[in-house]
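Breakdown of the fold
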Amino acid sequence: MAAVKESNSLTDARIVYLIEKFKDSGKRELMMEGEQYYQVDNDIKDRKITKKVNGQRVEESWRANNKLAHATYKNQVDEKIAYLLSKPVTYKTSEDAGAPYADKIKDILGKHFQYQLTQLGYEASNKGLGWLQVYVDAEGNLKTMVIPAEQCIPYWKDKTHTELDTMIRVYDTTVWEYSTEKTVTNVEVWTEDGVAFYRLEGQLLIYDYDSNMDAGGPVSHYRNGDVWQSWGRVPFIPFKNNQIEMPDIKFVKSLIDGYDQGRSEAANYVEEVKNLIFVLKGYGGANLDEFMRDINEDRAIKIDDPEEGGVDTITPQMDITALREHYEQLKRDIVEAGQSVNKDLDKFGAAPSGVALRFMYSGLDLKCNLMETEFKMGFEQLLYFVDMYLQLTGQGDFEKTEVELVFNRDMAVNESEQIQNCTNSRGTISDKTIIAHHPYVSDVEEEMKLLEDQKNAAGPAWDEVPPVKDGGGDGAEE
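Notes on the structure follow. (Residues numbered from 1 in each chain as written. Predicted model: local features only at pLDDT ≥ 70, side-chain atom pairs only at ≥ 80, totals over all residues. Heavy atoms only, no water.)

1. Some details on the overall build of the protein chain
In plain terms, the rule: Segments assigned H or I by DSSP are reported as helices when at least four residues long, segments assigned E as strands when at least two residues long, and all are numbered from the N terminus. For each residue, the accessible area found with a 1.4 Å probe, counting protein chains only, is set against the maximum for its type, and the residue is called buried under 20%, exposed over 50%, and partly exposed in between. Accessible surface area values rest on a Shrake-Rupley calculation with a 1.4 Å probe, where residue burial reflects the displayed protein chains alone.
Secondary structure assignment for the protein chain yields 15 helices and 18 strands. Per-residue burial over the protein chain gives 36% buried out of 478 residues. Carbon together with sulfur atoms contributes 49% to the accessible area of the protein chain, which is approximately 29700 Å² in total.

2. Topic: the pairing of strand β4 (residues 129-136)
For a regular strand, the rule is simple: side chains alternate between the two faces of the sheet. Applied cut-off: Pairs of strands are assigned from DSSP output, requiring at least two bridges between the strands.
Of all 8 residues making up β4, 7 are buried, and the element is well covered by its neighbours. Of the strand pairs in this sheet, β4 and strand β15 (residues 236-240) are connected by 5 bridges, and their pairing is antiparallel. Across the sheet, residue W131 finds its bridge partner in β15, namely P238. Strand direction decides the pairing type here: β4 and strand β5 (residues 142-147), joined by 6 bridges, are antiparallel. By the bridge assignment for β5, L132 is matched with V146. Where β4 folds back onto β5 in an antiparallel hairpin, the turn is made up of 5 residues, including G140, whose phi is positive at roughly 85°.

3. Observations regarding helix α1 (residues 12-23)
For an α-helix, the turn length of 3.6 residues means that residues three or four places apart are oriented alike. So the rule is basically this: Helix span, expected: 1.5 Å multiplied by one less than the number of residues in the helix. Throughout, the arc means the angular range of directions from the helix axis out to the C-beta atoms. Residue contacts are counted whenever heavy atoms from the two residues lie within 4.5 Å of one another.
Counted at 1.5 Å a residue, the expected span for α1 with its 12 residues is 16 Å, and the 17 Å between its end C-alpha atoms agrees. Among the residues making up α1, those that are buried are I15, V16, L18, I19 and F22. Relative to the axis of α1, the buried residues are bounded by an arc of 160° and lie together on one face. In α1, the exposed positions that point more than 90 degrees away from the buried face belong to A13, Y17 and K21. Those residues of α1 that are buried are in contact with α2 (26-38), β6 (152-156), β7 (164-177), β8 (180-190), β9 (195-201) and β10 (204-207).

4. Regarding the side chain of S25
Quick note on the threshold: Distance and chemistry together define a polar contact, namely a pair of N or O atoms within 3.5 Å, with one atom able to donate a hydrogen and the other to accept it when in protein, and with adjacent residues in sequence counting only for side-chain atoms on both sides.
Take S25: it is sitting in the loop between α1 and α2. Polar contacts involving the side chain of S25 include one to the main-chain carbonyl oxygen of F22, which spans 2.7 Å. There is a polar contact of 3.3 Å between the side chain of S25 and the backbone nitrogen of R28.

5. Describing the sheet that holds β5
Inclusion rule: Whenever a helix is involved, its axis is fitted only over the stretch in contact; in every case the axis is a line through C-alpha atoms, and angles between N-to-C directions fall within 0 to 180 degrees.
With antiparallel pairing, the 3 strands of this open sheet are ordered in space as β5-β4-β15. The open sheet is flanked by β5 and β15, the only strands paired with a single partner. In this sheet, neighbouring strand axes are inclined to one another by 30° on average, regardless of whether the strands run parallel or antiparallel. Helix α12 (residues 362-392) contacts β4, β5 and β15 of the sheet and is inclined by roughly 160° relative to β15.

6. Here's the deal with unusual backbone geometry
Positive phi, normally seen in glycine, also occurs at V40, with a value near 60°. For V40, the position within the fold is in the loop between α2 and β1 (50-53). Here Q339, not a glycine, exhibits a phi torsion of approximately 50°, which is positive. Residue placement: Q339 occurs in the loop between α9 (320-338) and α10 (345-348).

7. A look at the packing of aromatic side chains
The condition that has to hold: Aromatic rings from Phe, Tyr and Trp, with only the six-membered ring used for Trp, were paired whenever their centres fell within 6.5 Å, and each pair was classed as stacked if the ring planes differed by under 30 degrees, edge-to-face if by over 60, and tilted otherwise.
This structure, assessed with the given rule, holds 11 aromatic pairs. Ring centres of Y91 and F379 lie 5.7 Å apart, and the angle between their planes is 25°; on these two criteria the pair is classed as stacked. Taken together, the residues span a long stretch of sequence, with Y91 in strand β3 (residues 90-93) and F379 in helix α12 at a distance of 288 residues. For Y91, a relative accessible area of 13% gives the class buried. Owing to a relative accessible area of 1%, F379 belongs among the buried residues under this scheme.

8. Description of the sheet that holds β6
Strand order in the open sheet formed by 5 strands is β6-β7-β8-β9-β10, with antiparallel pairing between adjacent strands. This sheet does not close on itself; its edge strands, each paired only once, are β6 and β10. Between one strand and the next, the sheet's axes are offset by a mean angle of 30°, whatever the strand orientation. Here 6 bridges tie β8 to β9, and the two strands are oriented antiparallel to one another. Its bridge partner lying in β9, W190 is registered against V195. On top of the sheet, α1 reaches β6, β7, β8, β9 and β10; it is set at about 120° to β6, its chief contact.

If you want it as structure tokens, here you go:
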């Protein structure tokens, strides 16, 4: 009996299998749910009120069907990104490298890299992780591009998902075939050595010869003059939301659905009951459904027997207290599960102190710490390509230089309290440290320079003795 040959190499059939498996996976479904709820297209919007008639479900369109979709999840994601990624990041280098290396990183990544970090933050929050592709453009400049996570199928070398073996990217484009618009499914297979381009038609992977060949030879990662070269790594970098690569919607969806449903049901109750309970006497309608339909659609009913028939009403009492308690508890659960800022002013007051603010932000801080750790790991992988590009263009070898990406968080502060603390610290710590913690200062180095210029323009203080020049004397001639 022949032994079964085992291999991890990706054949065409295996690539098609991985694509189909990813499309049907729960992970991709979570990505779509995260994007869906960020756009406030909550599941409540698809709700229909039905009744079983003759074994089939029939929609009761005459009944109140409020669909109150709350933007709670969107607010939590915006809050997280604004807190962690709205302020420009800082590149902290070792003393040996100094500012030149940090300046080179800024120049290569470009002024829009901060915006790309924000995009990656939204991708990671809504989909579990964001993907940054590195490439060299036609002018020979290093560029980066955010790729939607639902298009990317990573094939990892290890179980910890730290090193890529292959990246399969699947996306649709629209082309014209004569006068007919046609959708084409493109497949890119990226490895350490290069890339192969395909088109997917049904279960068949078709090699795209025109895209794979350039001047008669196969393409690779980037062109160096007339020669195609590879990075030695797959040029896709993961920026993860957390260690388990799960989107934020995973932890709050059921609570948000419950909140949407509860508020919608309350709205339906108010709309249908109108604070009245109807008591029927001698009503000639076919059934109770027909009576309620007449009330909701025509706002009137017809009584067959004018002597015995009639309609009385009773005004019910709604238990608003129990309803409100349920909503408030759900809101607290969503804040806790979503690790967002606790905005309960009854506990912290209108102007909370620094200690109270830190407590309010504790959940958000914890969530952002996890993302920050993963983003720093992604940035370290990005530096591999930056260092290779610097060597390629003859700008120096910084491969062994340590660089730290510092995130400057945008936390609300009690400005009066912080200014007072800065004033009280004068003489105990350096002026530079005090300036760095002042709420009105965004750029410490620029502020230090402005203070120096201001001091020079004002001249020496009146109570200071000017320095005596060498040679002494009062300047009078003997």
